[in-house]
There are 4 protein chains.
Amino acid sequence: MSHDLDVQAVTAQLAERLAATAVARDRRGGHAAAERDAIRNSGLLGLVIPKDAGGLGAAWSTQYQVLRRLAQVDSALTHVYAFHNLQIATIQLWGSAAQQADLLPRTLREHWFWGNALNPRDTRLKATRVEGGWVLNGVKSYASGSVGSDRLVLSAVEVQPDGSERQLVGHVATRAAGVQVQEDWDSFGQRQTDSGTVTFEQVPLPDAAVFQRPGETPTPQATLRTVLAQLILTNLYLGLAQGAYQQALGYLRERTRPWPNGNAAQAIEEPLLAHRWAELWLKIRAAELATDAAQQAADVALARGAALTAEERGAVAIAAAEAKVLAHRAGVDVSSEVFELTGPGATQGGLGLDRFWRNVRVHTLHDPVDLKLRDIGHFHLQGRVPAPTSYT
Amino acid sequence: MSHDLDVQAVTAQLAERLAATAVARDRRGGHAAAERDAIRNSGLLGLVIPKDAGGLGAAWSTQYQVLRRLAQVDSALTHVYAFHNLQIATIQLWGSAAQQADLLPRTLREHWFWGNALNPRDTRLKATRVEGGWVLNGVKSYASGSVGSDRLVLSAVEVQPDGSERQLVGHVATRAAGVQVQEDWDSFGQRQTDSGTVTFEQVPLPDAAVFQRPGETPTPQATLRTVLAQLILTNLYLGLAQGAYQQALGYLRERTRPWPNGNAAQAIEEPLLAHRWAELWLKIRAAELATDAAQQAADVALARGAALTAEERGAVAIAAAEAKVLAHRAGVDVSSEVFELTGPGATQGGLGLDRFWRNVRVHTLHDPVDLKLRDIGHFHLQGRVPAPTSYT
Amino acid sequence: MSHDLDVQAVTAQLAERLAATAVARDRRGGHAAAERDAIRNSGLLGLVIPKDAGGLGAAWSTQYQVLRRLAQVDSALTHVYAFHNLQIATIQLWGSAAQQADLLPRTLREHWFWGNALNPRDTRLKATRVEGGWVLNGVKSYASGSVGSDRLVLSAVEVQPDGSERQLVGHVATRAAGVQVQEDWDSFGQRQTDSGTVTFEQVPLPDAAVFQRPGETPTPQATLRTVLAQLILTNLYLGLAQGAYQQALGYLRERTRPWPNGNAAQAIEEPLLAHRWAELWLKIRAAELATDAAQQAADVALARGAALTAEERGAVAIAAAEAKVLAHRAGVDVSSEVFELTGPGATQGGLGLDRFWRNVRVHTLHDPVDLKLRDIGHFHLQGRVPAPTSYT
Amino acid sequence: MSHDLDVQAVTAQLAERLAATAVARDRRGGHAAAERDAIRNSGLLGLVIPKDAGGLGAAWSTQYQVLRRLAQVDSALTHVYAFHNLQIATIQLWGSAAQQADLLPRTLREHWFWGNALNPRDTRLKATRVEGGWVLNGVKSYASGSVGSDRLVLSAVEVQPDGSERQLVGHVATRAAGVQVQEDWDSFGQRQTDSGTVTFEQVPLPDAAVFQRPGETPTPQATLRTVLAQLILTNLYLGLAQGAYQQALGYLRERTRPWPNGNAAQAIEEPLLAHRWAELWLKIRAAELATDAAQQAADVALARGAALTAEERGAVAIAAAEAKVLAHRAGVDVSSEVFELTGPGATQGGLGLDRFWRNVRVHTLHDPVDLKLRDIGHFHLQGRVPAPTSYT
């Protein structure tokens, strides 16, 4: 199908573009304005926007393949791009028909790059009810993609008279009055995710800009958003594993010397090296198969629309969790172990081969992998699905 | 498809039948005549025989699903049945058109259960050229399915004038004059595989009964036989892992008591138990996905017929090797670790839950898993496919 | 030191004696009267009895070396013997001076073999207060060493007026009126541990035979008993790992054939085999070092006597837990993996090489290894020692 | 012993000093002149120099404890210091009595910091025989500790008339005419090891400065040098594991938040976290026990002097290899996994917690760990010791 081929070709070009400067930008950190523009200009911001709203209307499984490819060279920018897509899904899953009809075409028309200010563990952003909407005051940290974005999806808490808090979700323009994005992300990995801190001072949030009102119970369909987010992480881990594998393979073929006192005249013929290489490959392969299966299940669940049951949603969430655990391990293990096969030369600073471990190490800490395993266990032991949250 | 449903239903019935006595028969060992008759009567001996020869014409991937299901309860009888199917494939892959036209319908008509005498590491069976064929003398050990079989596929070596040996492959009736099957298999697992020792004394092998003559170089298509055999082993390991998992799950749900000093009031709610259960599940799941992928690749390769190239054949062999490594580990690990979750009560002799480990432990020693890993490594490092042998 | 040499020599002779029939007895299961007499006659029943009571006065660390050696060939009988020693420790740690002065010399004089009826998870044995003592009625299951023993240490619960239960510990003669030992142990491993079910009908327990009265809070010194018991299990797992390793090594050196398509002309020269063998060795080696360290710490703690603090006791318990986890894994992993190196011939029934896995698999289920890990974690994270129980 | 306490106190002070700037210096890379002076001024350059030559005369096992402690905070400077000690050992093991009598006191008197130019895989440095000695021309790369050193131990090859090469070992002043050290080390870890490239142009090497003449067969005693070097690496890996563990523990206690959807109200009480923490601890613990055992064996072997046999030397080399494998894994695994327990906050750039992984990752590539495993395997399978080389 010609349409599909275009996405692949554009992805390949973008990957090449990002790869050219990835090592240097990883060192520098900060905001990658030129590369975010390259993503904007690629046309891929419309990837998951439906065709009738002017987008490419790609399936989420297709989008995940794009992420996986891009993450092989630059997982930080890929994360920023993926979170744009996630906000598009937010509009579709949480927004009203009117909001969708408004925001989706405008996103394309005005070349919006969406970011987020949704960090569920930071509850310092408060919403106060006023006539026709709310007013926002406070702070959201770890807001991925916020720096350099055009629009933000945000969550805030409304304090009830009894002191309890209820969450609302809505959107604002990043450059609206009272919104300030601070570029303060400082971590040893994923150094260009633009995960700033967003401050809100008396920012109005009209009713029309609210996706989820306080106290609304989300439908199973709406809670698919977390599953989509978890599969974004999963594909990034997998892409990172693949990227480390490929770069190490190139090094091994061209430069690795025979092992001193080894069992073969060439490194590449060393049986112990081949044996371990297979172990790395199998980790990637298992993660790949499980991720493919989970994202196909996600496509099916999305197609079920409002008819999706909590049980069905839970089964997809578990499939995603299984893929995530395997991809997490593939990412962390492969990016660290390749060096035992390439030998010391591959640690040269200019090659930047350590960035895969640093990136995947930071990114895999989003939520504890051990809780995923516990949830998977409870599902298979008892058939119990995890309650939908921002992490499950 | 109704035809497919029949296979599933018949398989389920047969599984139930085998399960009823599996623990007792494992203790007893020896030949399971009644159960082999149950297989004969099920109609499944014709599973992979083409429809135009009167069989069910199932794909090999379908056959593997049958094996996986049966191995969950009785991997020894499943092995015997699988090796019957493998001899059917031998006729198709190695036999002439005339041999196929003769042997396939006769198998059904005369209710033949095929066994083998092909052990490549035992070269004591010699073939001497005579007018119109060969005469066989010598011994073949570890001949799976030989006890109680009707026909045997065998390999023998023809000693050349210079002392070198060349292999031929053919078939004889198990009850032919001069053929004797000794029931001497004694191992702590897979105790009813009927892997006897076959002695040949002046047994004629006419040219028409020869599948592969000495010195013939097999085509890539012909060497698919090893791949099919490796995937039989793979599905048995996987079925064994699943069988141990299921029986342990039943025990856990009904009988396991809360852990002393644990973190939950019920064993099944214990987070540490759920966590480990997920690890077991993921081993099975990864093996399952890789096995499904490999056997679909095998279907495709079989369909390529004589057009199959050595490279294509090699890629399928690697896919099978990958699945085999994962299934091997799932089998050995799951069958041993389930006890850490069920607790000591599950070691009661009458439950026979240890038979899964004993069976998979013995069966996984067919050829060294570490060489599979080495071959997988060389393939992904260098694109080099393993040379076709009886093991690769 | 000549005394030490005697213990080693006697242990070596006893090991040889047990080894001669271990495979056959494992098959048969049940009570091994002749072998228990061999232990009686060896003089080793007095190993940990103090010299001033007529015993050998060996350190517990010495005793553990004896257990480790014996478990290499027969872990079931070793368990029975170890639990005799544990009851001797019970007398020393829980008994009054008068009880020690009475029971320790009598043990030697009357050649008592002690067993136990202490299973903490079976609370069906009740004690009713009467003038000058208690009367026992009820049942204790999984009473290791009870069959064929002379004396039993037992625990029973006294039901309080409010329905709550408090435990007492005491001892009776196995052949006392009203005591009946049923030989009903049936498990796929540790098949000769004489772990019967003991029934008590109106059995008097005079005050003088009580080691721990209901409601007595044990001292840290007294709770060392659990640590000693855990180190018995640890040494048995370690001995089982060593036994499997040694028997497999013998097979490998004498009988294993070169790997088909391998990297060396002889199996023993195969680099992949040597590599995996090292992995097995390292598991044993780490367990051995940790066990040696823990049992030296136990010697020190025992020597502290009544001065032992709860913190000191906890630190030894953690050292024992660390050793136990490593020995558990060495036992389970080595006894299962050796076959991947020996090849299929070593699964021959007559060799009995599977008994190591069966024995260690059953024995390691005493209490969940995952809780040990949790306790170790809490200790190193927070410096918190586990509360003394029958398992910690 | 008061002398020992001094070493501990000085080590603790030096560790504190190095820790203060370790994160900043890791970022900067390059030569750490002030810190090398701090080492010089600490008095520890005389640690392993015999007392009769004016040194502290510490055992090598004591030296290893010092390294382990220092590597917890700064493994790069520790490596530089360790390699000074290794050159002292070189003088003792390879040098003549006259060389020892000259060089050891002078080292103390003139405050020499020794470096090396010995990289066995770089054979570009050639020695040409002249009257009374040799002349050196060529290059040595990866010369750890060369930048900023006072003296260098070097190896060069003498080309024979038939083109074959034979190695010699000697020493020169770093600031001698014709010697040039280039500061070109660029790796993502161990960034301050001063591992420059040393160029020699017509540098005279008089006979008196030669430790090992071409063609001399080293004694078992002399080849202990490799064992000492391997144990230096081992202790650095172990120290790195311990450093990551300690820094993560501090973070966990003070800052880690409860896991979302976890099993406890506080992170530190989470059973899944405690369980994994124990796994990390056990890796360190096993490595520590094996390293302690190996370095005690090394002390004994050094004390054997010229009487040391090849078999004895081989057994120590294997003990060191075992410790090295365990420490390698503890280092790589702990430094990567701690983040899964601390959570994402610990990836903040300023904490520098990633430096442990980067350092150990680079340092563990010295020689392939898989060959160590193979050698360990051959030793335990066949009793065969590895041939002494620069790596074994």
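Values in this document were obtained by computation on a predicted structure and should not be read as measured data.

**Q** What am I meant to see in the domain arrangement of chain A here?
**A** By a frequent convention, interface size equals the accessible area lost on bringing the separate parts together. All names here are of chain A. Domain assignment breaks chain A into domain 1 (7-113), domain 2 (116-212) and domain 3 (224-382). Using only C-alpha atoms to locate each centre, domain 1 and domain 2 end up separated by 21 Å. A combined buried area of about 2,100 Å² lies between domain 1 and domain 2, and 50% of that area is made up of carbon and sulfur atoms. Between the two partners, domain 1 and domain 2, sit two salt bridges. The salt bridge partner of Arg-36 is Asp-194, with a shortest N-O separation of 2.7 Å. Across the contact surface, domain 1 and domain 2 share 19 residue pairs in polar contact (both at pLDDT 80 or more). Residue assignment for the side of domain 1 that touches domain 2 shows that the elements contributing at least two residues are helix 1 (2-28), helix 2 (33-42), helix 4 (75-94) and helix 5 (97-109). Here the side of domain 1 that touches domain 2 takes 10 residues from helix 4, the largest share from any one element. In terms of residue class, the side of domain 1 that touches domain 2 is made up of 10 nonpolar, 10 polar and seven charged.

**Q** Looking at this model, I keep getting lost on the relation of the copies chain D and chain C. Mind explaining?
**A** To go from the first copy of the chain to the second, apply a rotation about an axis and then a shift along the same axis. The transform that puts chain D on chain C rotates by 180° and translates by 0.0 Å along the axis, for an RMSD of 0.0 Å. What we have between these two chains is a two-fold relation. Taking C-alpha positions as the reference, the residue of chain D nearest the rotation axis is Ala-286 of chain D, at 2.7 Å. Same-surface contact between copies: 100% of interface residues of chain D are shared with the interface of chain C.

**Q** How should the relation of the copies chain D and chain A be read in this particular structure?
**A** Each copy superposes on the other: chain D lies on chain A with an RMSD of 0.0 Å after a rotation of 180° and an axial shift of 0.0 Å. Both copies share a contact surface, since 100% of the interface residues of chain D are interface residues in chain A too.

**Q** Where do I start with the environment of Gln-242 of chain A in this structure?
**A** Residue and element names in this part refer to chain A. Structurally, Gln-242 can be placed in helix 6 (residues 220-254). The spacing of Gln-242 and Leu-302 is 60 residues in sequence and 27 Å in space, taken between C-alpha atoms. When near neighbours in sequence (up to four residues on either side) are disregarded, Gln-242 contacts Arg-68, Gln-72, Ile-284 and Glu-288. Within polar-contact distance, the side chain of Gln-242 engages the side chain of Gln-72 at 2.9 Å.

**Q** Looking at this structure, I do not really get the packing of helix 10 (residues 369-382) of chain A against helix 7 (residues 271-304) of chain B. What am I missing?
**A** A pair of packed helices can be characterised by two numbers: the angle between their axes and the separation between those axes. At their nearest, the axes of helix 10 of chain A and helix 7 of chain B sit 7 Å apart, and the two run at 80° to each other. Comparing the axis directions of helix 10 of chain A and helix 7 of chain B gives the class roughly perpendicular. Across the interface between the two elements, Asp-370, Leu-373, Arg-374, Ile-376, Gly-377, His-378, His-380 and Leu-381 of chain A from helix 10 of chain A touch Pro-271, Leu-273, Ala-274, His-275, Trp-277, Ala-278, Glu-279, Trp-281 and Leu-282 of chain B from helix 7 of chain B.

**Q** I keep staring at the pattern of salt bridges and nothing clicks. Help me out?
**A** Inspection of the entire model under this criterion finds 120 salt bridges over all chains. Arg-329 of chain A is the partner of Glu-279 of chain B in a salt bridge, and the nearest nitrogen-oxygen pair spans 2.7 Å. Of this pair, Glu-279 of chain B sits in helix 7 while Arg-329 of chain A sits in helix 8 (residues 310-342), which puts the two residues in different chains. Exposure remark for Arg-329 of chain A: the relative accessible area of 29% places this residue in the partly exposed category. The residue Glu-312 of chain B makes a salt bridge to Arg-304 of chain B at a minimum N-O spacing of 3.0 Å. Using a relative accessible area of 35% as the deciding quantity, one classes Arg-304 of chain B as partly exposed. Counted as one network, the salt bridges with shared partners bring together Arg-276, Lys-283, Asp-333, Glu-337 and Glu-340 of chain A together with Arg-361 and Asp-370 of chain D.

**Q** Would you explain unusual backbone geometry in this entry?
**A** Glycine aside, residues mostly have negative phi, and peptide bonds are mostly found in the trans state. Within the chain, His-111 of chain B stands out as a residue other than glycine whose phi angle is a positive 55°. You can see His-111 of chain B is positioned in the loop between helix 5 (97-109) and strand 1 (114-117). At Asn-261 of chain C, a residue that is not glycine, the phi angle is positive and equals roughly 65°. Relative to the assigned elements, Asn-261 of chain C resides in the loop between helix 6 (220-254) and helix 7 (271-304).

Rules used throughout
- Residues numbered from 1 in each chain as written.
- Chains lettered and ligands numbered in written order.
- Predicted model: local features only at pLDDT ≥ 70, side-chain atom pairs only at ≥ 80, totals over all residues.
- Heavy atoms only, no water.
- Domains from an automatic or database assignment.
- Buried area = accessible area lost by both parts, 1.4 Å probe.
- Salt bridge = Lys/Arg side-chain N within 4 Å of Asp/Glu carboxyl O.
- Polar contact = N/O pair within 3.5 Å; in protein donor to acceptor, adjacent residues only side chain to side chain.
- Helix = DSSP H or I, 4+ residues; strand = E, 2+ residues; numbered from the N terminus.
- Nonpolar A, V, L, I, M, F, W, Y, C, P; charged D, E, K, R; others polar.
- Least-squares fit on C-alpha atoms with pLDDT ≥ 70 in both.
- Contact = heavy atoms within 4.5 Å.
- Axes fitted to C-alpha atoms, helices over the stretch in contact; angles between N-to-C directions.
- Parallel < 35°, antiparallel > 145°, perpendicular 65-115°, else oblique.
- Buried < 20%, exposed > 50% of the residue type's maximum accessible area, 1.4 Å probe, protein only.

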